[in-house]
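# Fold and geometry: a report
What follows is each chain in one-letter form.
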Amino acid sequence: GRAGVALMYKRILVPVEHSDADRTIITHVQPLARMCGATLVLLHVADGWAARAYDELQLRDSSEIRDDRAYLDQLEGELRAQGFIVESRLAMGDPAAEIVKAVESEHADLVAMATHGHGFVKDILLGATADKVRHQLTVPVLLLQAH
């Protein structure tokens, strides 16, 4: 029955992008995580200049990376305070590629992410990153329109 399906989700990967859209997806995924007793794995992919130059220049503490890490820590703290089991990861590079990689390395069995509409139907349904990810993933993806 329905409960059996729900229990499949043990680790839910939630890509966050340090914007208001994060609240939408996190709020939406909370009841599911609670029902399944799932661990929420927050993933932020830094893809700004510092992140791209990270390996070359060893910019371990650029302000961009520090801000992203602080943001993840804050989200993680808020969710823990509400009783969720939470882990967070900060990755560098192409968001689509890093999400696909994280699904494997984190043994995630669901990806929950917000999509962004920019006016046309295709954009409203699926941003470029979501589309790329969808074709490479072997686990279910929950796409939520961010308002």
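### Details of the overall build of the protein chain
- Secondary structure summary: the protein chain contains seven helices and five strands in total.
- Reading the secondary structure of the protein chain in the N-to-C direction produces α-β-α-β-α-α-β-α-β-α-α-β.
- When each of the 147 residues of the protein chain is scored for burial, the buried share is 44%.
- For the protein chain, the accessible area works out to roughly 8,200 Å², and carbon and sulfur atoms hold 56% of it.

### Things to note about the side chain of Asp68
- With respect to the element layout, Asp68 can be found in helix α4 (residues 63-81).
- The contacts of Asp68, once residues within four sequence positions are left out, are His18, His44, Ala46 and Leu90.

### So, the sheet that holds strand β4 (residues 110-115)
- Across the sheet, which stays open at both edges, the five strands sit in the order β3-β2-β1-β4-β5 with parallel pairing between neighbours. In this open sheet, the two strands that pair with only one neighbour each are β3 (85-92) and β5 (141-145). Sheet twist, expressed as the mean angle between neighbouring strand axes with direction ignored, is 25°.
- Looking at chain direction, strand β1 (residues 11-16) and strand β2 (residues 39-46) are connected through six bridges and run parallel. Paired with Val16 across the bridge in β2 is His44.
- Seen against the sheet, helix α2 (residues 21-36) touches β1, β2, β4 and β5 and runs at an angle of roughly 170° to β1.

About the thresholds
Residues numbered from 1 in each chain as written. Predicted model: local features only at pLDDT ≥ 70, side-chain atom pairs only at ≥ 80, totals over all residues. Heavy atoms only, no water. Helix = DSSP H or I, 4+ residues; strand = E, 2+ residues; numbered from the N terminus. Buried < 20%, exposed > 50% of the residue type's maximum accessible area, 1.4 Å probe, protein only. Areas by Shrake-Rupley, 256 points an atom, 1.4 Å probe, with all protein chains shown as cover. Contact = heavy atoms within 4.5 Å. Pairing = 2+ DSSP bridges. Axes fitted to C-alpha atoms, helices over the stretch in contact; angles between N-to-C directions.

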